[in-house]
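# Residue-level structural notes
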Amino acid sequence: MKQWDSVAIVGVGLIGGSIGLGLRDRGLARQVVGIARREASLRVAKRMGAVTKGTLDLARGVNGAELVVVCTPVARIAADARASAEVCRPGALITDVGSTKAEIVAALDGALSREVRFVGSHPLAGSEKSGPAAAAADLFVDRTVVVTPTRATREEDLASLDAFWTALGARVIRMSPEAHDRALAATSHLPHLAASALAASTPQGDLGLTASGWVDTTRVAAGDPELWQQIFMSNRANVLTALARYEKVLDSLRRCLEQGNKKKLTAILQEGKQKRDALAS
């Protein structure tokens, strides 16, 4: 892959910091500029080597960048991308890392000034941790990144993003923004709702008796509530559909227990095991 002259990362948290570390560790960019809202985040990003320089001023940070990666919460991505397009290099490429895509892409596709283009991305990587201190240069290695082109997307921009994420160690697949949001509602957003519901419904006095099952199942519930509220609201129609499917299975489980139906209960548990085992293989 070519070396980028200047990559600007708007938001140097877990994902943004990991992108910066990956770029610098692999020598993929001559300059990596971090833009943050807090000086403390920039200090950590600089200390870890995730950026070559940092600023709290978005206009100054993206000025001259040929690639801008917006790593802010989903409710801010469109505004940050528009602001970046006004001052980055004419003809630059902007992408993001948002967990939802349809609303963001609809707001930005073909709508930026100065021949700046936007193509959505979503790396399926991360953890319940946040901030640049949790970043890792290998975060994207062997992980999937979804790129969400539209009819207006140029093939050369897709090729650039494919090369960018692949160089960071990821596998890239292409989906429409709408297909992405339908799928992620089931595979990412609903699991977080379920984990949060399980954690919230556990009596406070019983927490001392939790073991690995509870800890593993509720791990993602430790994520930033404000960030996840934004994700749920951005993709709420698809999340509601996924939630309805989940509630149907829960209702079946309830009826099995109420009726003492061991056969049906075992069948539902077996279906869950088969799907989980298929993923593990």
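Described in the following lines is the structure provided in the data block. Everything quoted here is computed from the prediction, not taken from an experiment.

## Let's talk about the overall build of the protein
Counting its regular elements, the protein contains 11 helices and nine strands. In summary, the protein has a C-alpha radius of gyration of 21 Å against a globular reference of 19 Å for 281 residues, a match within 12%. Residues counted as buried form 41% of the 281 residues belonging to the protein. For the protein, contacts bridging at least 24 residues in sequence account for 72% of all contacts bridging at least 6. Summed over all atoms, the accessible surface of the protein reaches about 14,500 Å², with 53% contributed by carbon and sulfur. Distance from the positive charge centre (36 side chains) to the negative charge centre (29 side chains) of the protein: 2 Å.

## A closer look at the sheet that holds strand β5 (residues 93–96)
Ordered by their spatial adjacency, six strands build an open sheet running β3-β2-β1-β4-β5-β6, and the pairing between neighbours is parallel. Strands at the two margins of the open sheet, each flanked by one partner only, are β3 (53–55) and β6 (117–118). Pairing geometry for strand β2 (residues 29–35) and β3, over three bridges, is parallel. Note that in β3 the partner of V33 across the bridge is K53. Those strands touched by helix α6 (residues 155–167) are β1 (4–10), β4 (67–70), β5 and β6, and its axis lies near 55° from that of β5.

## Some details on the sheet that holds strand β9 (residues 171–174)
Sheet strands pair via backbone hydrogen bonds, and the direction of the pair is either parallel or antiparallel. With mixed pairing, the three strands of this open sheet are ordered in space as β7-β8-β9. Looking at the sheet topology across the chains shown, the edges are occupied by β7 (120–123) and β9. Averaged over all pairs of adjacent strands, the angle between strand axes in this sheet comes to 25°, irrespective of strand direction.

## So, unusual backbone geometry
The backbone phi angle of R114 is positive, close to 60°, even though this residue is not glycine. On the accessibility criterion, R114 (32% relative accessible area) is partly exposed. A positive phi angle, close to 65°, is found at D142, a residue other than glycine. For D142, a relative accessible area of 53% gives the class exposed.

## With respect to the packing of aromatic side chains
Throughout the structure, instances matching the rule amount to four aromatic pairs. Centre to centre, the rings of F140 and W165 are 5.6 Å apart; their planes meet at 70°, and the pair counts as edge-to-face. Placement of F140 in the loop between β7 and β8 (144–148) and of W165 in helix α6 is noted, with a sequence separation of 25 residues between them. Note on accessibility: F140 and W165 belong to one class, buried. Within the aromatic cluster, the residues linked to one another by ring pairs are W4, F140, F164 and W165.

## Points about the pattern of salt bridges
Taken as a whole and judged by the stated rule, the model has 13 salt bridges. For the salt bridge of D5 with R30, the shortest nitrogen-to-oxygen distance reads 2.6 Å. Remark: R30 occurs in strand β2 and D5 occurs in strand β1; sequence separation between them is 25 residues. A residue is classified by how much of its surface remains accessible, and D5, at 27% relative accessible area, is partly exposed. A single network of salt bridges, built from pairs that share partners, joins R117, R154, E156 and D157.

## Concerning the nonpolar core
Among the nonpolar cores identified, the biggest contains 35 residues, and I19, F140, F164 and W165 are the most heavily contacted of them. Sorting the residues of this core by element identifies β1, α1 (14–25), β2, α2 (39–48), β4, β8 and α6 as the ones contributing at least two each. Here this core gets five residues from one element, more than from any other, and that element is α1. Ranked by size, the runner-up nonpolar core spans 26 residues in total, among them I35, V74, A81 and I104.

## Some words on the pairing of β7
Consecutive residues of a regular strand have side chains that alternate between opposite faces of the sheet. Every second residue of β7 is oriented toward a common face, with G120 and H122 on one face and S121 and P123 on the other, all of them buried. Sheet analysis places β7 next to β8, joined by four bridges and oriented antiparallel. Note that in β8 the partner of S121 across the bridge is V147.

Calculation rules
- Residues numbered from 1 in each chain as written.
- Predicted model: local features only at pLDDT ≥ 70, side-chain atom pairs only at ≥ 80, totals over all residues.
- Heavy atoms only, no water.
- Helix = DSSP H or I, 4+ residues; strand = E, 2+ residues; numbered from the N terminus.
- Rg over C-alpha atoms; globule rule 2.2 N^0.38 Å.
- Buried < 20%, exposed > 50% of the residue type's maximum accessible area, 1.4 Å probe, protein only.
- Contact = heavy atoms within 4.5 Å.
- Areas by Shrake-Rupley, 256 points an atom, 1.4 Å probe, with all protein chains shown as cover.
- Lys, Arg positive; Asp, Glu negative; His and termini not counted.
- Charge placed at Lys NZ, Arg CZ, Asp CG, Glu CD.
- Pairing = 2+ DSSP bridges.
- Axes fitted to C-alpha atoms, helices over the stretch in contact; angles between N-to-C directions.
- Phe/Tyr/Trp six-rings, centres within 6.5 Å; stacked < 30°, edge-to-face > 60°.
- Salt bridge = Lys/Arg side-chain N within 4 Å of Asp/Glu carboxyl O.
- Core = buried A, V, L, I, M, F, W, Y, C linked by side-chain atoms within 4.5 Å.

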